[in-house]
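Residues per chain, in single letters:
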Amino acid sequence: CVLSSRLYLFGLCLRLAGVRAVSICTNAHAGCHVLSLANLFDRVIQHSTRMHSITNDLHSEFEQYFLPSQNHVGRVSHNCHTSTIITPNGKGNAQRLQREELTRVILMLLVAWRDPLWHFHQSMSHQHDFNNFSSNKALQMSDMVHELRKGVEKVAEKMQKLGIIKTSVSKPAPPEAVQLADGARWHLMKDYDLLYCFRRDSNKIHNYLKLLKCRIVPEHGC
């Protein structure tokens, strides 16, 4: 089992390394390969797919290790710290949102999860009942949020360069844009609730990216 886990983790690292092997950029310079907007979208969508998949796996493992034989339906508080970020409800509302605003929502969600996921990994690393392989997944989620944010920023820069959007949304959202109602509400969330909320938000991010791509480059796989 240990060998299988290590081989799986090694394979996952190789796949992630393959994504980062070529620097993503919007302007040509030394050591940088310029990608089309469609290719940039494909990369961030693939990255978000992997991130959401890992989140689903960890959520299932978390239930197995810590919450056996319990009915969890309706037990989660749903009091996510990102509830202060207004997100479009449903596909129709997301499609009607301006491109700049939908991109900004994606970035705000990613920025809001940076610190909580890092502290979640720290919490998991001290759980003796939780195996190291699953703890590594928590760290991967934290790293992948950071990498995905950088990728979405590159997409935003490319869209602005092409005149698709007029205002710059490529920089991380300012702290006040993701200000929590009580300053640090995610500190009060239980690990299971926090993981549930991130699974929900990672699914939102993935769907928003796909919708944004299909609105801008519909000829590429939409």
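Residues numbered from 1 in each chain as written. Predicted model: local features only at pLDDT ≥ 70, side-chain atom pairs only at ≥ 80, totals over all residues. Heavy atoms only, no water.

A. Summary view of the overall build of the chain. The helix and strand tally for the chain stands at 7 helices and 2 strands. Secondary structure elements in the chain, listed N-terminal to C-terminal, are α-β-β-α-α-α-α-α-α. Taking all 222 residues of the chain together, 44% fall into the buried category. When contacts within the chain are restricted to residue pairs at least 6 apart in sequence, those whose partners lie at least 24 apart make up 80%. As displayed, the chain has an accessible area near 11,800 Å², and 52% of this comes from carbon and sulfur atoms. (Helix = DSSP H or I, 4+ residues; strand = E, 2+ residues; numbered from the N terminus. Buried < 20%, exposed > 50% of the residue type's maximum accessible area, 1.4 Å probe, protein only. Contact = heavy atoms within 4.5 Å. Areas by Shrake-Rupley, 256 points an atom, 1.4 Å probe, with all protein chains shown as cover.)

B. Structural context of the confidence of the model for the chain. Looking at the chain, the pLDDT average stands at 76 and 65% of residues meet or exceed 70. Across the chain, the secondary-structure element scoring lowest on mean pLDDT is helix H1 (residues 2–20), at 42, and the one scoring highest is helix H4 (residues 99–112), at 94. For the stretch residues 1–23, pLDDT sits under 50, and the model shows 20 contacts to residues farther than four places along the chain or on other chains. Note that residues 174–184 has pLDDT below 50 and, in this model, 12 contacts with residues that lie over four places away or in other chains. (pLDDT = per-residue confidence, 0-100.)

C. Main features of the nonpolar core. Formed by 49 residues in total, the largest nonpolar core has its most connected members in Phe-41, Ile-106, Phe-120, Met-141, Leu-148, Met-159 and Leu-209. Of all the secondary-structure elements, those providing two or more residues to this core are helix H2 (37–66), H4, helix H5 (114–125), helix H6 (132–161) and helix H7 (191–216). Looking at this core, the element that brings in the most residues is H7, giving 11 residues. What Leu-148 contacts, discounting residues up to four positions off in sequence, is Val-44, His-47, Ser-48, Met-51, Leu-110, Ile-205 and Leu-209. (Core = buried A, V, L, I, M, F, W, Y, C linked by side-chain atoms within 4.5 Å.)

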